[in-house]
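Residues per chain, in single letters:
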Amino acid sequence: DTEVTQTPKHLVMGMTNKKSLKCEQHMGHRAMYWYKQKAKKPPELMFVYSYEKLSINESVPSRFSPECPNSSLLNLHLHALQPEDSALYLCASSQTGTGGHGYTFGSGTRLTVV
Amino acid sequence: AQSVTQPDIHITVSEGASLELRCNYSYGATPYLFWYVQSPGQGLQLLLKYFSGDTLVQGIKGFEAEFKRSQSSFNLRKPSVHWSDAAEYFCAVVFLEYGNKLVFGAGTILRVKS
């Protein structure tokens, strides 16, 4: 299995809702990432987990809450989002904490906040 | 600060023509370098990567890239473009001194005309 699987593919949520994005990989990678991509923009790093511990938080608002329950799974919990949070959320993984073997990206979750 | 520059926002080439997409980065030591391709609404697919060694690297789909340390560049090339190559291309860099952060350039949208 050489894929990063993200669910759901599409999500529409209201500003008072609580939802979660899920990311899974079975490649034995020990680092996992959340990126946010707005339309016509490059991906921007949000969080990095290395060996299941949060190692980088790019000053992301607390309405985004990451969780890494185990080495294969990464969640992003969403609460009280704003319409400007609508974007493509990409998950990625890499073999080590330095990304020396490359990063594998999932196909993303298209989030719309209404 | 670390940065990745893709000077061309859009490029249009004829099918069968050669292609070169430019990428420059600001950094002192040799970083890890990547090229990704993204079709509309999709995730990112890795085309090729450079860590060390031979400065000309081969990737998937007939792409290659050359690392030039003196110019801080990592340009992507393809000798003959196919209509299916139309997509957005991102150059990305891991600046090792700044932790495990994959930083993307702004992207270049490739259009292929028949």
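What you see is a predicted model, and the numbers here were worked out from it, not measured in a lab.

From N to C terminus, chain A includes zero helices and 11 strands. What you see in chain A, going N to C, is helices and strands ordered as β-β-β-β-β-β-β-β-β-β-β. Over its C-alpha trace chain A gives a radius of gyration of 13 Å, about what one expects of a compact globule, namely 13 Å for 114 residues. Dimensions along the principal axes, computed over C-alpha positions, put chain A at roughly 40 × 25 × 25 Å. Taken over 114 residues, chain A has a buried fraction of 49%. Counting only contacts in chain A whose residues sit at least 6 apart along the sequence, the fraction spanning at least 24 positions is 54%. Accessible surface, chain A: about 5400 Å² in total, of which carbon and sulfur atoms supply 50%. Within chain A, the 9 negative side-chain charges are centred at a point lying 6 Å from the centre of the 12 positive side-chain charges.

The helix and strand tally for chain B stands at zero helices and 12 strands. Reading chain B from its N end, one meets helices and strands in the order β-β-β-β-β-β-β-β-β-β-β-β. Its C-alpha atoms give chain B a radius of gyration of 14 Å, near enough to 13 Å, the size a compact globule of 114 residues would have. Along the first, second and third principal axes, the C-alpha set of chain B runs to 45 × 30 × 20 Å. Split into buried and exposed, the 114 residues of chain B put 47% on the buried side. Once local pairs closer than 6 in sequence are excluded, the contacts in chain B between residues at least 24 apart make up 54%. Accessible area of chain B: about 5400 Å², with a carbon and sulfur share of 49%. In chain B, 10 side chains carry a positive charge and 9 a negative one; their mean positions are 2 Å apart.

Taken as a whole and assessed by the stated rule, the structure comprises nine salt bridges over all chains. Put simply, B:Lys101 and A:Glu58 hold a salt bridge, and the shortest N to O gap is 3.2 Å. Of the two residues, B:Lys101 sits in the loop between β10 (87-94) and β11 (102-104) while A:Glu58 sits in the loop between β6 (53-57) and β7 (64-70), which places them in two different chains. Judged by relative accessible area, which is 19%, B:Lys101 ranks as buried. Residues B:Glu64 and B:Arg77 are paired through a salt bridge, measuring 3.2 Å at the closest nitrogen-oxygen approach.

Attention shifts here to the nonpolar core. In terms of nonpolar packing, the biggest core is built from 27 residues, with B:Leu19, B:Trp35, B:Leu47, B:Leu48, B:Phe74, B:Leu76 and B:Tyr89 touching the most fellow members. Those elements that place two or more of their residues in this core are β2 (10-14), β3 (19-21), β5 (32-38), β6 (45-50), β8 (64-68), β9 (73-78), β10 and β12 (108-113) of chain B. It is β10(B) that provides the largest number of residues to this core, a total of four residues. Ignoring anything within four residues of it in the chain, the contact list for B:Leu19 reads B:Ile11, B:Val13, B:Phe63, B:Leu76, B:Arg77, B:Lys78, B:Val81 and B:Leu110. Counting 22 residues, the second-largest nonpolar core is a separate cluster that includes A:Val4, A:Tyr49, A:Leu78 and A:Tyr89.

How each quantity is defined
- Residues numbered from 1 in each chain as written.
- Chains lettered and ligands numbered in written order.
- Predicted model: local features only at pLDDT ≥ 70, side-chain atom pairs only at ≥ 80, totals over all residues.
- Heavy atoms only, no water.
- Helix = DSSP H or I, 4+ residues; strand = E, 2+ residues; numbered from the N terminus.
- Rg over C-alpha atoms; globule rule 2.2 N^0.38 Å.
- Buried < 20%, exposed > 50% of the residue type's maximum accessible area, 1.4 Å probe, protein only.
- Contact = heavy atoms within 4.5 Å.
- Areas by Shrake-Rupley, 256 points an atom, 1.4 Å probe, with all protein chains shown as cover.
- Lys, Arg positive; Asp, Glu negative; His and termini not counted.
- Charge placed at Lys NZ, Arg CZ, Asp CG, Glu CD.
- Salt bridge = Lys/Arg side-chain N within 4 Å of Asp/Glu carboxyl O.
- Core = buried A, V, L, I, M, F, W, Y, C linked by side-chain atoms within 4.5 Å.

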